[in-house]
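Listed below are the residues making up each chain.
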Amino acid sequence: MESAPPVSSTEPIVCRVTPWYFRRLGLMSAMLVGMGLYFLYDGKYGYPKANEIAAQKDWFEQTVLKGYDEAKAANRLDAWVKETEAKGLPAGKNGEPPRWVSYAAERGWPEKPHKYTDREIAEQFWWGGGTILIGLIVGINMLLNRKKVLRGAEDHWITPEGQTIRFADVFRVDKRKWDNKGLAYAWYRQTSDGPEKKAVIDDLKFDGAAHILERLIARFKGELIEKIPDAPASNPADTPPPNQAL
């Protein structure tokens, strides 16, 4: 995370939800709703249309191609071609049988249409409804977080849920995810024999949360867990040569 501009040790800190958070949740909500609508479209129109094309292919094979084979076997192919063309059906060319590939291409149909079961069609509605519901929940959550604020004072901070946590009550801070994800975790007890609790400081969600983390680290007395840097790669030139036998 980028270092935040310094603030005085007593200045109140007010961290409001970042625009990035709204963009992220808004995009996620729109994407989920869009996916859900696509599922519903497939269940209502896409899959039934594919089944119609698959049924047309079955008809083509069972009626047109079978009629061609029977007429050829009975040595009445010319008459069959005239009768079939008179009905507006494909009859082949130059003695060759009609081809489904050509028939389908003229209509913009796939060469190998897939036939969907009733269960597969029903699943599209379930997936569509579920995905839209999740998208709406994400959108509602975004709106509910719109007015949340993270606040910092001289000796404590107040979570977005309204919980007051004194810096002196914190006994462990874990900031290993701070550089990559802007997340720090603080464990605290509000009484000496009270239960252990955990709070999150989220700098990606709340603009200026870095100030609160800096103030907390400067004031608490406990364990600080930081990211352990990777060990430097060894340089072969620095490795002493192995002992050689005389």
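Let us look at the structure shown here. It should be emphasised that the depicted structure is a prediction, and the values quoted were computed from it without experimental measurement.

Conventions used here
Residues numbered from 1 in each chain as written. Predicted model: local features only at pLDDT ≥ 70, side-chain atom pairs only at ≥ 80, totals over all residues. Heavy atoms only, no water. Pairing = 2+ DSSP bridges. Helix = DSSP H or I, 4+ residues; strand = E, 2+ residues; numbered from the N terminus. Axes fitted to C-alpha atoms, helices over the stretch in contact; angles between N-to-C directions. Buried < 20%, exposed > 50% of the residue type's maximum accessible area, 1.4 Å probe, protein only. 1 Å grid on protein atoms, 1.4 Å probe; cavity = no way out; pocket = protein on both sides within 12 Å on 5 of 7 lines; lining within 4 Å. Points joined across faces, edges and corners; volume = space filled by probe spheres on them. Nonpolar A, V, L, I, M, F, W, Y, C, P; charged D, E, K, R; others polar. Arc of directions from axis to C-beta. Salt bridge = Lys/Arg side-chain N within 4 Å of Asp/Glu carboxyl O. Contact = heavy atoms within 4.5 Å.

If you walk across this open sheet you meet the four strands as β1-β2-β3-β4, and the pairing is antiparallel. For this open sheet the edge positions go to β1 (13-16) and β4 (164-166), each flanked by a neighbour on one side alone. Pairwise comparison of adjacent strand axes, ignoring direction, gives a mean angle of 15° for this sheet. Pairing of β1 with strand β2 (residues 149-152) involves four bridges; the strand directions are antiparallel. Pairing of isoleucine 13 across the sheet is with glycine 152, part of β2.

In terms of burial, strand β6 (residues 183-188) is a largely internal element, six of the six residues being buried. By the alternation rule, side chains of β6 split into Leu183, Tyr185 and Trp187 and Ala184, Ala186 and Tyr188, which are all buried. Here strand β5 (residues 170-174) runs beside β6; their pairing, made up of four bridges, is antiparallel. Within β6, the residue paired with aspartate 174 across the bridge is tyrosine 185. Relative to strand β7 (residues 197-202), β6 runs antiparallel, the two being bridged by six bridges. What sits directly across from tyrosine 185, in β7, is valine 200.

With that settled, consider the pairing of β2. Each regular strand shows side chains that alternate between the opposite faces of the sheet. Pairing of β2 with strand β3 (residues 156-158), which is carried by two bridges, proceeds in the antiparallel orientation. Bridge pairing in β3 links glycine 152 to tryptophan 157. Between β2 and β3, which pair antiparallel in sequence order, lie three residues.

Now for the layout of surface pockets. When its volume is computed, the largest pocket comes out at roughly 250 Å³. In the lining of the largest pocket, the residues fall into five nonpolar, two polar and five charged.

This paragraph deals with helix α2 (residues 77-86). Among all positions of α2, only Leu77, Trp80, Val81 and Thr84 are buried. An end-on view of α2 places all buried positions within 100° of arc, on one side of the element. Opposite the buried face of α2, at more than 90 degrees from it, the exposed residues are Asp78, Lys82 and Ala86. Following α2 by one or two positions, glycine 88 has its phi on the positive side, about 80°.

Unlike most non-glycine residues, asparagine 75 shows phi in positive territory, near 60°. A relative accessible area of 72% means that asparagine 75 is categorised as exposed.

This part covers the pattern of salt bridges. Evaluated as defined, the whole model comprises nine salt bridges. A salt bridge links arginine 119 to glutamate 123, with the shortest nitrogen-to-oxygen separation between them at 3.4 Å. You can see arginine 119 and its partner glutamate 123 sitting in helix α4 (residues 118-144), four residues apart, about one turn around the helix. Residue arginine 119 is classed as exposed on the basis of its relative accessible area of 64%. Salt-bridge contacts for arginine 166 lead to aspartate 169; the nearest nitrogen and oxygen are separated by 2.9 Å. On the accessibility criterion, aspartate 169 (12% relative accessible area) is buried.

With that out of the way, let us pick up the sheet that holds strand β8 (residues 223-225). Consider a sheet: its strands pair through backbone hydrogen bonds, and that pairing is either parallel or antiparallel. Here four strands make up an open sheet; going across it, the order is β7-β6-β5-β8 and the pairing mixed. Each end of this open sheet is capped by a strand with a single partner; those strands are β7 and β8. Direction aside, neighbouring strands of the sheet carry axes that sit 20° apart on average. Strands in contact with helix α6 (residues 209-219) are β5, β6, β7 and β8; relative to β7, the strand with the most contacts, it is inclined by about 135°.

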